[in-house]
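Below, each chain spelled out in residue letters.
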Amino acid sequence: MRRRASLLQRMHIDGWLLLLLLILGTGSLFILYSASGKNVELLIRQASSFGIGMLAVVVIAQFDPRFMARWVPLAYVAGVGLLLVVELMGHTAMGATRWINIPGLIRFQPSELMKIIMPMTIAWYLSRHNLPPRFKHIAISLAMIGVPVVLIAKQPDLGTSLLILASGAFVVFMAGLQWRWIVGAAAAVVPIAVGMWYFVMHDYQKRRVLTFLNPESDPLGAGWNIIQSKAAIGSGGVLGKGWLLGTQSHLDFLPESHTDFIIAVLAEEFGLVGVCLLLLLYLLLLARGLVITAQAQTLFGKLLAGALTMTFFVYVFVNIGMVSGLLPVVGVPLPFISYGGTHLVTLLSGFGVLMAIHTHRKWIAQV
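Residues numbered from 1 in each chain as written. Predicted model: local features only at pLDDT ≥ 70, side-chain atom pairs only at ≥ 80, totals over all residues. Heavy atoms only, no water.

The name given to the protein chain in an unreviewed UniProt entry is Peptidoglycan glycosyltransferase MrdB, with the source organism recorded as Ectopseudomonas alcaliphila. As stated in UniProt under Sequence similarities (unreviewed entry), the record for the protein chain gives "Belongs to the SEDS family. MrdB/RodA subfamily." You can read under Function (unreviewed entry) in the UniProt record for the protein chain the words "Peptidoglycan polymerase that is essential for cell wall elongation." (UniProt positions renumbered as here; feature names shortened; annotations may be inferred.)

The structure is reproduced here in C-alpha cells:
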C-alpha cells in the first residue's frame, strides 16, 4: 500500500529546513531586541520581514526547478537592469548609492536579488553544456558574473560584490573545473588584489584592510569597531553576562551592534555557549543543504543547491571572521541575526529554492 504524503510533503516543504529556519528566526528577535537598545519598532520591522521571507519560502518551494530554469535568463537581465537603474538614479545614503526608492511604496537593494539570481544563472548556463566546462564556457560564465559584480562594486558595496562573485564561482567550481584553471586562478589572486588596491578600492576600504592588519594603530578611529568587538566577545566569557545585560552595546561602545557586529552582542550576553549553539544551528543548515545537493536528480538542481549552500557558509564565515578580527571588515551581515529586511527575505528565498530542488526531485525523475 502506498504511503500517504504528509502535509509538509504536499506543500513541498522540507521539515528539517523549516524547523531550523524557525528556530533561528525566533531566536534572532531576542538578540536583536537587546542589540538595538530595546527598539520595539525595529523589532516589529524585522519580524515582518521574517514573515514575508517565510511566505516567500512557501511560495518558491511550489515551483518546479525546471520552471525556474526557463525564467533564469530573464531574471538575470532584469537584475542587471535594476543595477543600472541604481547606477543612474539610485537612492544615496551614508555615502553609498545602493537602493531604488519608490516614494510611498518601497525602498529595496537590487544587489540582494543577485545573490540568488547569480548562482541560478551560472547553474542554468553550465547545465546546458557538457561537463567539465570548456574554456569558452568558463569565460562566458566569468563574464556573466563580472557584469553585476562591477556594477555593485561601484555603488560602492565591496562586501556584497565579493559574495556574488563567490556564489557564481562556486557553480563553476562544482561543474568540474580542471585543476589547471584552479591553479591559474590562485596565481592570479595577487595581481588582481594589487590592481583592486590601486584602481578599484576606495580610501575607506583601504583603511579597513590596514586596520585589519593593525587595529591598534588608530584605536579611536578606524580601529574602534574591531577593538570594541573583541572586548565584547572576550568579556562574555563562557556563559555570558545575561540577556539585556551587555555593557559594550548598551553603553554604545560597540557601533553597528544590531547589524554587522551583532554576534559580538550575542557573545557578550550569552558567552561561548551561546555562540556555539548558534554555530551548531548553522552547521545543521549547511549539512542539510549538502544532503539536498547530493540527492538532487538534475544537473541544474545539483549545481544550484551546492552553490546556495556554500554561499551561505561564506556569509557566516566572513561575518564571524571580520567581527573577531580574523578578516577585514567588508560589511557582510550575519545570516538571520543581523537587522535588514531585504537581506533577510533574499536569504530565506534561497532556502525556498533549496526546498523546491529537494521536494520536486522524485516527480522530476518520473517525467
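That was the structure; now back to the text.
**Topic: the overall build of the protein chain**
Within the protein chain, the regular secondary structure consists of 15 helices and three strands. A compact globule built from 367 residues would reach a C-alpha radius of gyration of about 21 Å, and the protein chain, at 21 Å, matches this within 12%. Considering only C-alpha atoms, the protein chain reaches an extent of 60 × 55 × 45 Å along its principal axes. Considering only residue pairs separated by 6 or more positions, the protein chain has 72% of its internal contacts joining residues 24 or more positions apart. Carbon and sulfur atoms form 70% of the exposed surface of the protein chain, whose accessible area is close to 18,100 Å². Averaging the positions of the 25 positive and the 14 negative side-chain charges in the protein chain gives two centres separated by 18 Å. (Helix = DSSP H or I, 4+ residues; strand = E, 2+ residues; numbered from the N terminus. Rg over C-alpha atoms; globule rule 2.2 N^0.38 Å. Contact = heavy atoms within 4.5 Å. Areas by Shrake-Rupley, 256 points an atom, 1.4 Å probe, with all protein chains shown as cover. Lys, Arg positive; Asp, Glu negative; His and termini not counted. Charge placed at Lys NZ, Arg CZ, Asp CG, Glu CD.)

**What to know about the packing of aromatic side chains**
Inspection of every chain in the model, using the stated rule, returns nine aromatic pairs. Between Phe 67 and Trp 71 the ring centres are 6.3 Å apart and the planes differ by 55°, which places this aromatic pair in the tilted class. Taken together, the residues span about one helical turn, with Phe 67 and Trp 71 both in helix H4 (residues 65-89) at a distance of four residues. For Trp 71, a relative accessible area of 48% gives the class partly exposed. Between Tyr 282 and Phe 312, the aromatic rings sit 5.7 Å apart at their centres with planes inclined by 75°, giving edge-to-face as the arrangement. Taken as a pair, Tyr 282 in helix H12 (residues 262-295) and Phe 312 in helix H13 (residues 299-323) lie far apart in primary sequence, 30 residues in all. Across this residue pair, the class does not change: Tyr 282 and Phe 312 are buried. The structure contains a cluster of three or more aromatic residues connected by ring pairs, namely Tyr 282, Phe 312, Phe 336 and Phe 351. Looking at Lys 115, its charged tip hangs above the ring of Tyr 315, at a distance of 5.1 Å from the centre. (Phe/Tyr/Trp six-rings, centres within 6.5 Å; stacked < 30°, edge-to-face > 60°. Buried < 20%, exposed > 50% of the residue type's maximum accessible area, 1.4 Å probe, protein only. Lys NZ or Arg CZ within 6 Å of the ring centre and 35° of its normal.)

**A few points about the pattern of salt bridges**
Taken as a whole and assessed by the stated rule, the structure comprises six salt bridges. With its nearest N and O atoms 2.6 Å apart, the salt bridge here joins Arg 288 to Asp 14. Of this pair, Arg 288 sits in helix H12 while Asp 14 sits in the loop between helix H1 (7-10) and helix H2 (15-35), and the two are 274 residues apart along the sequence. Residues Arg 288 and Asp 14 agree in their burial class; the two are buried. For the salt bridge of Lys 241 with Glu 268, the shortest nitrogen-to-oxygen distance reads 3.0 Å. Placement of Lys 241 in the loop between helix H10 (224-235) and helix H11 (247-250) and of Glu 268 in helix H12 is noted, with a sequence separation of 27 residues between them. (Salt bridge = Lys/Arg side-chain N within 4 Å of Asp/Glu carboxyl O.)

**Observations regarding helix H9 (residues 203-213)**
Along H9, the residues classified as buried are Gln 205, Lys 206 and Thr 211. Packing partners of the buried residues in H9 comprise helix H7 (158-174) and helix H8 (179-199).

**Quick look at the nonpolar core**
As a rule of thumb, nonpolar side chains are buried together in soluble globular proteins. Judged by nonpolar contacts, the single largest core of 88 residues is most densely connected at Tyr 282, Leu 285, Phe 312, Phe 336 and Phe 351. By residue number, the principal contributor to this core is H13, which donates 13 residues. (Core = buried A, V, L, I, M, F, W, Y, C linked by side-chain atoms within 4.5 Å.)

**A short note on the side chain of Ser 349**
With respect to the secondary-structure elements, Ser 349 resides in helix H14 (residues 341-359). Setting aside anything within four residues of it in sequence, one finds Ser 349 in contact with Ala 56, Ile 60 and Ile 116.

**Concerning the sheet that holds strand S3 (residues 106-108)**
The sheet built from three strands is open, its strands ordered S1-S2-S3 with antiparallel pairing. Pairing within the sheet leaves two strands with one partner each, and these edge strands are strand S1 (91-93) and S3. Neighbour-to-neighbour, the strand axes of this sheet turn through a mean angle of 40°, independent of strand direction. Looking at chain direction, S1 and strand S2 (residues 96-102) are connected through three bridges and run antiparallel. Looking at the pairing, Thr 92 lines up with Thr 97 of S2. (Pairing = 2+ DSSP bridges. Axes fitted to C-alpha atoms, helices over the stretch in contact; angles between N-to-C directions.)

**Quick word on the environment of Leu 239**
Within the secondary structure, Leu 239 sits in the loop between H10 and H11. Sequence spacing of Leu 239 and Phe 270 is 31 residues, and the spatial spacing of their C-alpha atoms is 5.6 Å. Ignoring anything within four residues of it in the chain, the contact list for Leu 239 reads Glu 269, Phe 270, Gly 271 and Val 273.

**As for unusual backbone geometry**
The step from Leu 131 to Pro 132 runs through a cis peptide bond, and the omega angle for that step is 0°. Among the structural elements, Pro 132 can be located in the loop between helix H5 (110-127) and helix H6 (135-153). Cis geometry is found at the peptide bond from Gln 155 to Pro 156, where omega equals -5°. Its location among the elements puts Pro 156 in the loop between H6 and H7. Phi is positive for Leu 244, close to 75°, though the residue is something other than glycine. Secondary-structure assignment places Leu 244 in the loop between H10 and H11. In this model, Phe 336 sits at a positive phi of 70°, which is unusual for a non-glycine residue. Judged by its relative accessible area of 1%, Phe 336 is buried.

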